[in-house]
Amino acid sequence: PQSAEREERRVEGIDIYLVLDMSGSMQAIDLNLAQVQHLQNQGKTPSNRFENAVSVLSDFVVSRRDRCNQPGDELAARCDRIGMVIFGKNAFLEFPLTLDYGTILNLLRQRKLEDIDGSGTAIGNALGRAVAGLRHSGAESKVIVLITDGDRRGGDISPAQGASMAQHFGINVFPILVGREGP
């Protein structure tokens with residue numbers, strides 16, 4: 001049996017959508033052969049782009065949680081709501097805006113590249129889903145953090161169209177490139 005609990009809090013903060021690339025190219029390891037062999041000789045497995053991105057996002061969520069839990073002099077807590085969209089060939093809402101940082105961290109840890117079809121990179125569609133999640137937000141600041149390693153390969157909406165939609169609704173988009181070119 002499960003029980004649903006509802007808790008209401010008065011908060012002020014930023015509404016943030018994380019948009020995470022889960023395309024096949026996120027399997028790449030951005031180390032040269034000597035670096036990979038050095039890690040393997042130490043009994044370690046090199047991290048791929050996706051694992052690195054999840055690690056950085058987890059640190060980001062922890063920093064938001066810690067900031068939210070710090071006591072303040074204001075009437076309202078300074079907490080940021082976070083939502084997430086994942087994408088490969090298609091874009092999916094992973095979770096809507098929430099203050100449940102524990103669930104966000106658990107979902108990030110559980111996510112594997114094989115969970116969705118990674119044969120494409122529908123960046124524009126993913127931006128569109130995040131815009132849809134933020135367009136009715138009453139937050140003073142609305143942000144999309146786009147984490148990707150490449151160019152668009154598929155999807156109905158171009159990245160430029162997605163960015164235009166975000167601009168129309170006053171949403172700032174911060175693209176973060178993961179990885180590097182070369183073997």
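The rules behind each value
- Residues numbered from 1 in each chain as written.
- Predicted model: local features only at pLDDT ≥ 70, side-chain atom pairs only at ≥ 80, totals over all residues.
- Heavy atoms only, no water.
- Core = buried A, V, L, I, M, F, W, Y, C linked by side-chain atoms within 4.5 Å.
- Buried < 20%, exposed > 50% of the residue type's maximum accessible area, 1.4 Å probe, protein only.
- Helix = DSSP H or I, 4+ residues; strand = E, 2+ residues; numbered from the N terminus.
- Contact = heavy atoms within 4.5 Å.
- Pairing = 2+ DSSP bridges.
- Axes fitted to C-alpha atoms, helices over the stretch in contact; angles between N-to-C directions.
- Disulfide = S-S within 2.5 Å.
- Salt bridge = Lys/Arg side-chain N within 4 Å of Asp/Glu carboxyl O.
- Polar contact = N/O pair within 3.5 Å; in protein donor to acceptor, adjacent residues only side chain to side chain.
- Parallel < 35°, antiparallel > 145°, perpendicular 65-115°, else oblique.
- Left-handed = near helix turned anticlockwise from the far one by under 90°.
- Nonpolar A, V, L, I, M, F, W, Y, C, P; charged D, E, K, R; others polar.

J.: An account of the nonpolar core is requested, with residue identities and associated values reported.
T.: Grouped together as the largest cluster of nonpolar side chains are 26 residues, with contacts concentrated most on Leu18, Leu20, Val61, Ile82 and Leu108. Every element with two or more residues in this core is listed here: strand S2 (15-21), helix H2 (49-69), strand S4 (81-87), helix H3 (101-110) and strand S6 (142-148). If sequence neighbours within four positions are ignored, Leu18 has contacts with Leu57, Phe60, Val61, Ile82, Gly83, Met84, Val85 and Val145. Judged by nonpolar contacts, the second largest core, of 16 residues, contains Ala91, Ile123, Ala126 and Ile171.

J.: I'd like to hear about the sheet that holds S6, residue by residue, with values.
T.: Pairing within the open sheet is mixed, and its 5 strands lie in the order S5-S4-S2-S6-S7. Of all strands in the sheet, those with a lone pairing partner are strand S5 (91-98) and strand S7 (171-177), marking the two edges. Here the strands of the sheet are splayed against their neighbours by 15 degrees on average, with no regard to which way each runs. As judged from the 7 bridges shared by S2 and S4, these two strands associate in the parallel manner. Within the sheet, the bridge partner assigned to Leu20 lies in S4 and is Ile86. Sitting on the sheet, H2 is in contact with S2, S4 and S6, with an inclination near 170 degrees to S2.

J.: Pulling in residues and values, what's your account of the state of the cysteines?
T.: Two cysteines joined by a covalent bond between their sulfur atoms form a disulfide. Tallied over the entire structure, the rule returns 1 disulfide. Covalent S-S linkage joins Cys68 and Cys79, the inter-sulfur distance amounting to 1.8 Å. Across the S-S bond of Cys68 and Cys79 the torsion is about 75 degrees, and the bridge reads as right-handed. Here Cys68 is found in helix H2, whereas its partner Cys79 is found in the loop between strand S3 (77-78) and S4, with 11 residues between them in sequence. We classify Cys68 as buried; its relative accessible area is 6%. Accessibility expressed as a relative area gives 1% for Cys79, which makes it buried.

J.: Account for the pattern of salt bridges, with residues named and values stated.
T.: If you walk through the whole model with that rule in mind, you get 8 salt bridges. The partner of Arg64 in a salt bridge is Asp80, with the nearest N and O atoms 2.6 Å apart. One end of the pair, Arg64, is in helix H2; the other, Asp80, is in the loop between S3 and S4, and 16 residues separate them in sequence. For the pair Arg64 and Asp80, a shared accessibility class is recorded, and that class is buried. Beyond isolated ion pairs, a larger network of salt bridges with shared partners links Asp30, Arg49 and Asp149.

J.: An account of the side chain of Arg111 is needed here, citing residue identities and associated values.
T.: Within the secondary structure layout, Arg111 lies in the loop between H3 and helix H4 (123-134). Of the polar contacts made by the side chain of Arg111, one reaches the side chain of Glu94; its length is 2.7 Å. Among the polar contacts made by the side chain of Arg111, one reaches the side chain of Asp115 at a distance of 2.6 Å.

J.: Summarise the packing of H4 against helix H5 (residues 159-168); cite the residues concerned and give the values.
T.: Interhelical geometry of H4 versus H5 gives an angle of 15 degrees and a closest axis separation of 7 Å. Between H4 and H5, the angle falls in the class roughly parallel. The element H4 and its partner H5 pack so that their crossing is left-handed. For the pair H4 and H5, the contacting residues are Ile123, Gly124, Leu127, Gly128 and Val131 in the first and Pro159, Gly162, Ala163, Met165 and Ala166 in the second. For the contact of H4 with H5, the per-class residue count stands at 7 nonpolar, 3 polar and no charged.

Spatial relationships are all this shows, so hold off on functional conclusions.
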